[in-house]
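As a plain string of letters, each chain reads:
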Amino acid sequence: MLKIKNLRCCYGNIAVVHTVSLSVRQGELISIIGANGAGKSTLLGAVCGLLKNWSGDIEFKGRALKGMSAPAIVRQGISMVPEGRQIFSPLSVMDNLKMGAYTRFKKDGKHRVAEDLDMVMQMFPILKERSAQLAGTLSGGEQQMLAIGRALMARPALLVLDEPSMGLAPKIVEMIFSTIQDLSHSGVTILLVEQNARAALKISDRGYVLETGKMVLQGSADELLVDDDVKRAYLGKDYGDFLDERNQ
Amino acid sequence: MAIKNNYIRIEYLVFLCAVSAFGFVTENTYYLQIMTFIGINTLLGLGLNMLMGYTGQVSLGHAAFYGIGAYTTAILSGTYGINPWLSLVCAVAAAVFIAFIVGLPTLRLSGYYLAMGTLGFGMIVNIVIREWAAVTGGASGFVGIPVLEAGPLIFMSGANYYFLVWGIVFAAMIVCRRLLASRTGRALRAIHDGEKTAVAIGINTHLLKLEIFIFAAALGAVAGFLYAHFVLFISPESFGFMFSIKIVTMVVIGGMASVWGALLGATVLTLLPEVLHGFAEYEMIIFGTVLMVVMIFMPQGLTRGIMDMIRTAGRART
């Protein structure tokens, strides 16, 4: 569904992502893991049209995305949950969700959008409860749900999540990840970018490891989870064990 | 939701009654004249509020569109004898066209840079009006603007013009309200809160900003038209940089992102100088102090400030 070949992204003259290739097939849940500054968000920026300065090929459903504006890419069916949630805090929860369907009102009409609103509210009952409240008054976890709900309102063929675990308590992270897993089971194709490698790989089909702008490892999630390099570098094995113990 | 809508309708009904009652009861032409100016300024405030209050794009050149509206109708109907109503269409068209040309590059800017860009634009328009004396009458002003007529109605006596202006203000308020409640209105507020995220969600922010800039310009041109045919004599000072700042002040004092804010801001900024005439040389000092006090105690503007006060009072009672 999504194919990236030899992608190179630059900020000015400095290349942040070098010759990265990856693919996402229909129905898969793929995660890209890597430390701070590895170029994960930059890569997503290129896919979503937010970053213009890149070379290589990005193909979505057989169509080249080169030169397409971000709104055009949204209409192609890629929807992003941005890093740090980025909900519209002065707007109500309801208005935030409706914003997600911005590109669809003309094409699909109000009724289809209303149906999807119901679907999202069913998935996140808390959003229904708070629908009239300003989005800025929600807690971090609720805001993350709102950001996911907003992205789903675009009825994406591919849902892109940029660090959904950022700044959230472990328990909330667990819940968000189980939601992502449910979405995947329901047939949504998902590209997940995470620092929290263990949590991400546990729910993924396949994974890619990004390090200082290069793809250093790829494979099935199960392989990556037990890979010694990955364990040492990204999973922070000792810390992971500590967490497991604490959770018991 | 239904209750909320009714509530809004009642708000407008009360407003409509108050405005009409004032028009029928008042015979003093001075009061009617002041009220007419308030109406014209409200139109300017409404337009800028859409751009600045809701979309977060600061324009320091809004008076330019006011001037373009006023001078287009003055020249067409005064010099060339075209029907003033037709020249209204031309005035709006001119403002829309110029807003499109100017907005295309400037709205790629944001924040301070957009403010500077529109500031420069406002100054250019003012200089053109001032220096193109053969057409605009230059610094000494334009004389000979015809009076508005529609069949047997002559819009000259205080009350007639008052109703014309407030009718248009009311219509403009409804249009703004409808626009804001729509998908476009949500998108405008989304741009205000985070333009990048708005793009990521699929909003063509450049186009939308351009559209709202043009909308504000069109409202400004209508205000300019109403002003020109009301005072029948216009000069460049009325459309200069200081007046652009005054419109910005109306929006900020009245309350950003509120349709009522434009009305309240225009009222305060039109009435205050009149009330303060009695203080002669202290006028500007008091004027400035009032603005400062409002901003210190009601940083959200009068609309929100008053609403909050009512709410606190209500809570104290229960």
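The rules behind each value
Residues numbered from 1 in each chain as written. Chains lettered and ligands numbered in written order. Predicted model: local features only at pLDDT ≥ 70, side-chain atom pairs only at ≥ 80, totals over all residues. Heavy atoms only, no water. Helix = DSSP H or I, 4+ residues; strand = E, 2+ residues; numbered from the N terminus. Rg over C-alpha atoms; globule rule 2.2 N^0.38 Å. Buried < 20%, exposed > 50% of the residue type's maximum accessible area, 1.4 Å probe, protein only. Contact = heavy atoms within 4.5 Å. Areas by Shrake-Rupley, 256 points an atom, 1.4 Å probe, with all protein chains shown as cover. Buried area = accessible area lost by both parts, 1.4 Å probe. Salt bridge = Lys/Arg side-chain N within 4 Å of Asp/Glu carboxyl O. 1 Å grid on protein atoms, 1.4 Å probe; cavity = no way out; pocket = protein on both sides within 12 Å on 5 of 7 lines; lining within 4 Å. Points joined across faces, edges and corners; volume = space filled by probe spheres on them. Nonpolar A, V, L, I, M, F, W, Y, C, P; charged D, E, K, R; others polar. Pairing = 2+ DSSP bridges. Axes fitted to C-alpha atoms, helices over the stretch in contact; angles between N-to-C directions. Core = buried A, V, L, I, M, F, W, Y, C linked by side-chain atoms within 4.5 Å. Phe/Tyr/Trp six-rings, centres within 6.5 Å; stacked < 30°, edge-to-face > 60°. Lys NZ or Arg CZ within 6 Å of the ring centre and 35° of its normal. Parallel < 35°, antiparallel > 145°, perpendicular 65-115°, else oblique. Left-handed = near helix turned anticlockwise from the far one by under 90°.

Draft legend 1. Inspection of the overall build of chain B at higher detail. What chain B contains, in helices and strands, is 14 helices and 4 strands. The C-alpha radius of gyration of chain B comes to 20 Å, within 12% of the 20 Å expected for a compact globule of 318 residues. Here the C-alpha coordinates of chain B stretch approximately 60 × 50 × 45 Å along the principal axes. Per-residue burial over chain B gives 50% buried out of 318 residues. Sequence-distant contacts in chain B: of pairs separated by 6 or more residues, those separated by 24 or more amount to 78%. Surface summary for chain B: the accessible area is close to 15,000 Å², and the carbon and sulfur share equals 71%.

Draft legend 2. Highlighting the interface of chain A and chain B. Across the boundary between the two partners, chain A contributes 20 residues, which contact 17 residues of chain B. Here chain A meets chain B over a buried area of about 1,700 Å², counting both sides, of which 66% is carbon and sulfur. Considering only the surface of chain A that becomes buried against chain B, F88, M99 and Y102 of chain A emerge as the three largest contributors, covering 37% of it. The interface formed by chain A and chain B contains 1 salt bridge. D95 of chain A is paired through a salt bridge with R189 of chain B; the nearest N and O atoms lie 3.2 Å apart.

Draft legend 3. Just empty space enclosed by the protein, in detail. Applying the stated criterion across every chain yields a total of 2 cavities of 30 Å³ or more. One number sums up the size of the largest cavity: a volume of about 60 Å³. Lining the largest cavity, in full, are V74, S79, M80, P82, G100, A147, R150, A151 and A154 of chain A together with A200 and I201 of chain B. Sorting the residues of the lining of the largest cavity by element identifies β6 (78-81) and α6 (140-152) of chain A as the ones contributing at least two each. A breakdown of the residues in the lining of the largest cavity according to their chemical character gives 8 nonpolar, 2 polar and 1 charged. In this model, the second largest cavity occupies a volume close to 40 Å³. Every residue along the wall of the second largest cavity is listed here: L60, G61, L119, G122, M123, F239, G240, F241 and S244 of chain B. Within the residue set of the lining of the second largest cavity, elements represented by two or more residues are α5 (111-131) and α11 (241-254) of chain B.

Draft legend 4. Unusual backbone geometry, seen in detail. Residues and elements named next belong to chain A. Even without being glycine, N6 reaches a positive phi, approximately 45 degrees. By the secondary structure assignment, N6 is in strand β1 (residues 2-11). For Q86, which is not glycine, the phi torsion reads 50 degrees and is therefore positive. Note that Q86 resides in the loop between β6 and α3 (93-100). Residue class for Q86 comes out partly exposed when judged on its relative accessible area of 38%.

Draft legend 5. Molecular detail of the sheet that holds strand β8 (residues 189-194) of chain A. Residue and element names in this part refer to chain A. Across the sheet, which stays open at both edges, the 6 strands sit in the order β6-β7-β8-β3-β9-β10 with mixed pairing between neighbours. In the strand order of this sheet, the two ends are held by β6 and β10 (214-220), each with one partner. When the angles between neighbouring strand axes are averaged without regard to direction, this sheet yields 15 degrees. Alignment of strand β3 (residues 29-33) against strand β9 (residues 206-211), held across 4 bridges, turns out to be parallel. Bridge pairing in β9 links I30 to R206. Against the sheet, α6 makes contact with β6 and β7 (158-162), and its axis sits at roughly 170 degrees relative to β6, the strand it touches most.

Draft legend 6. A look at the nonpolar core. Core analysis: the largest hydrophobic core is formed by 90 residues, its most contacted members being M99 of chain A together with W166, I203, L226 and I234 of chain B. Ranked by residue count, the leading element in this core is helix α10 (residues 205-231) of chain B, at 16 residues. Residues contacting M99 of chain A, with those up to four places away along its chain left out, are F88 and L91 of chain A together with R186, A187, A190, I201 and I203 of chain B. The next biggest cluster of nonpolar side chains, apart from the first, holds 44 residues, and it includes A135, V188, I203 and V230 of chain A.

Draft legend 7. Fine view of the sheet that holds strand β4 (residues 54-60) of chain A. Residue and element names in this part refer to chain A. Pairing is antiparallel across the open sheet formed by 4 strands, whose spatial order is β2-β1-β4-β5. Edge positions in the sheet fall to β2 (14-24) and β5 (63-64), since each of these pairs with one other strand and no more. Running at roughly 115 degrees to β1, helix α1 (residues 40-48) makes contact with β1, β2 and β4 of the sheet.

Draft legend 8. Molecular detail of the packing of aromatic side chains. Applying the stated criterion across every chain, the model contains 22 aromatic pairs over all chains. For the ring pair F15 of chain B and W166 of chain B, a centre distance of 6.0 Å and an interplane angle of 65 degrees mean the geometry is edge-to-face. Of the two residues, F15 of chain B sits in helix α1 (residues 2-25) while W166 of chain B sits in helix α7 (residues 158-181), which places them 151 residues apart along the sequence. The burial state of F15 of chain B is the same as that of W166 of chain B; both residues are buried. Considering the side-chain rings of Y66 of chain B and Y227 of chain B, the 5.5 Å spacing of their centres and the 50 degrees angle between planes classify their relative orientation as tilted. On the criterion of sequence distance, the pair formed by Y66 of chain B in helix α3 (residues 62-79) and Y227 of chain B in helix α10 is long-range, its members being 161 residues apart. With relative accessibility at 2%, the residue Y66 of chain B sits in the buried group. Each member of the aromatic cluster is reached from another via a ring pair, and the members are Y12, F15, F22, F24, Y162, F163, W166, F170 and W260 of chain B. The residue whose ring lies beneath R150 of chain A is F88 of chain A, and the NZ or CZ to ring-centre distance is 5.0 Å.

Draft legend 9. Structural view of the packing of α11 of chain B against helix α12 (residues 259-275) of chain B. Residues and elements named next belong to chain B. One way to put it is that α11 packs onto α12 with a least axis distance of 7 Å and a crossing angle of 120 degrees. Of the possible angle classes, the one that applies to α11 and α12 is oblique. Considering how the two elements wind past one another, α11 and α12 form a crossing that is right-handed. Residues K246, T249, M250, I253 and G254 of α11 form the contact with α12, whose participating residues are G261, L264, G265, A266 and L269. A per-class count over the contact of α11 with α12 returns 5 nonpolar, 4 polar and 1 charged.

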